[in-house]
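The lines below spell out each chain.
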Amino acid sequence: MSSRRAASRALCRASSSRLPITPARTRPASSNAATSSSLPSSSTWQPALPAGASPAYDAALSYLSTHQTNTLSKLDDLRSKLDKTKPDPELLRRIDQLEIEAYANDPAVRRNFRETGGVGEMSKTIYRWLGEQKWRKEGGLDLLMQRLLQMKIVPDVLPALPPTFPLSLSANNSIIEPGSIQLPSTLSTPPVLKSQLYYHPSTPTESTPNPEALHTLLVLDPDAPSHETHSFQQRIHYLKTDIPLSVKSGEVNLTDPSVGKEILKWESPAPEQGTPNHRYVFLLFRQQAQRSSSSSSSSLSQSINAREDFDLRVYLQDNGLLVDDLIGVNMFRSKWSIEEEEYINDVHVKQRGAESGAPVYGKIPKEVKYGYPMSAKRQRKEEAREEAWQKAVAELEGLAENVQGLSRSAEAEGSEKVKL
């Protein structure tokens, strides 16, 4: 058996062990104490088998230890070349890569991530890498992209979807799956919304190892009915700016009133009777540098005059944001039901200022709802109906002319008799 295969099998076996973690051996320390000293290491991990019980197991542990020692030596050498006041981005990228190589197969790191999910550890490159790998490989990203594309968020809301980070939604201590249908009353208050960044928003320095950036959060309903156009329009349900986030902010609730600057308070979902499923889309944008000043934020609040007839693309253009600034997106759906009718009417009265509850709409034609042309059979029926209608109108017009002619003849005949 090759040393690599033995190491792989031993890693799987060791990381599944539930034995207590006790010191076993030492490891060379890295020159970056902030990164390496707080990482779980082999010095706090106990092998699953005693030495000598399995030669292959011992060889695997030896291979992992030797590989890690050599990688950490290269890592220390690179860090010694780093200018801490003005670090080279390419050198930082190489350092991150070596740190991942050094700890990716460390059983203690793997076990700690499996048990904690990296909570409280995301300032370390290896845990961010493990978190991103889990999100991608376990289907979190695939499910999100499938729902966003299947439910026409592109192009109804966004022209494209750039790479994003996880943006999780939960209500009543339950995770909301992207695109799932939720009762409107479930979202009577803002959901718990958390974003995990896997990369620093700007180059870290010695004084700022985990830099922050400001972000804007919007919640839109692109399926709000429009009375004027007999179509749909965007309605904004929530708007918050100047949300400071870093790689360590994965546990911060973005809808917490103490986080960022709330421009528009949360408006509960209240889909009207007769409308299709409403899509509620959560968008998190990274603000440009010029947006960080308070004066920019104050002018932003004045640009939102009403919740209805909102235009996301105009908003982004007016505030110097691009689609590529999108770093997080999620969504759920909601619809009217008889069980939720009283609640929906109450939202329209108390939050939207309606006098008699939510309006009621007729059934939307399938062609308008799904945006595709009529079938050939349906088109022939429509043409025949139109032809019959035009024929009936012509016959009625001819009959009306005949009636008018008879009436004039009768009047003329009556006038002649009067003369006689």
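A brief look at the structure comes next. Because the structure is predicted, anything quoted here is derived from the model rather than measured.

We now examine the packing of aromatic side chains. This structure, assessed with the given rule, holds 9 aromatic pairs. Aromatic pair tryptophan 266 and phenylalanine 282: ring centres 6.3 Å apart, planes at 25°, arrangement stacked. On the criterion of sequence distance, the pair formed by tryptophan 266 in the loop between β6 (261–264) and β7 (278–286) and phenylalanine 282 in strand β7 is long-range, its members being 16 residues apart. Assigned by exposure class, tryptophan 266 and phenylalanine 282 land together as buried. Among the aromatic side chains, those forming a connected cluster through ring pairs are Tyr238, Trp266, Tyr280, Phe282 and Phe332.

This next bit is on the sheet that holds strand β8 (residues 326–334). A sheet is described by the order of its strands in space; here 5 strands give the open sequence β6-β5-β4-β7-β8, paired in antiparallel fashion. Looking along the sheet, the strands with just one partner apiece sit at the ends: β6 and β8. Averaged over all neighbouring strand pairs, the angle between strand axes comes to 15°, with direction disregarded. Note that strand β4 (residues 213–226) and β7 share 6 bridges and pair antiparallel. When the sheet's bridge partners are listed, valine 219 is paired in β7 with phenylalanine 282.

Moving on to the pairing of β4. Counting buried residues along β4, 13 of its 14 residues qualify, which places the element largely inside the surrounding structure. Both β4 and strand β5 (residues 231–245) contribute to a ladder of 11 bridges, which runs antiparallel. Bridge pairing in β5 places leucine 214 opposite proline 244. A loop of 4 residues connects β4 with β5, the two strands running antiparallel in sequence, and histidine 230 in this loop sits at a positive phi of about 55°.

Tracing the backbone shows glutamine 68 in helix α3 (residues 55–80). Sequence separation between glutamine 68 and alanine 104 is 36 residues, and the spatial gap between their C-alpha atoms is 9.4 Å.

Two side chains that carry opposite charge are able to pair once their charged atoms sit near each other. Evaluated as defined, the whole model comprises 17 salt bridges. Between arginine 235 and glutamate 267 there is a salt bridge, with the nearest N and O atoms lying 2.8 Å from each other. Separated by 32 residues along the polypeptide, arginine 235 in strand β5 and glutamate 267 in the loop between β6 and β7 bring together distant segments of the chain. Neither residue differs from the other here; arginine 235 and glutamate 267 are each classed as buried.

Attention now moves to the sheet that holds strand β1 (residues 167–171). Remark on secondary structure: sheet strands pair via backbone hydrogen bonds, oriented parallel or antiparallel. The antiparallel open sheet is built from 3 strands, whose spatial order is β2-β1-β3. Pairing within the sheet leaves two strands with one partner each, and these edge strands are β2 (174–175) and β3 (192–195). Sheet topology note: the β1/β3 ladder contains 4 bridges and is antiparallel. Residue pairing across strands places leucine 169 opposite leucine 193, the latter belonging to β3.

This brings us to a nonpolar patch on the surface. Nonpolar side chains collect at one region of the surface, where Leu396, Leu399 and Val403 lie side by side and expose about 300 Å² of accessible area between them. Mapping valine 403 onto the fold places it in helix α13 (residues 376–419).

Reading guide: rules and limits
Residues numbered from 1 in each chain as written. Predicted model: local features only at pLDDT ≥ 70, side-chain atom pairs only at ≥ 80, totals over all residues. Heavy atoms only, no water. Phe/Tyr/Trp six-rings, centres within 6.5 Å; stacked < 30°, edge-to-face > 60°. Helix = DSSP H or I, 4+ residues; strand = E, 2+ residues; numbered from the N terminus. Buried < 20%, exposed > 50% of the residue type's maximum accessible area, 1.4 Å probe, protein only. Pairing = 2+ DSSP bridges. Axes fitted to C-alpha atoms, helices over the stretch in contact; angles between N-to-C directions. Salt bridge = Lys/Arg side-chain N within 4 Å of Asp/Glu carboxyl O. Patch = residues over 30% accessible without salt bridge, like charges linked within 9 Å, V, L, I, M, F, W, Y side chains within 5 Å. Areas by Shrake-Rupley, 256 points an atom, 1.4 Å probe, with all protein chains shown as cover.

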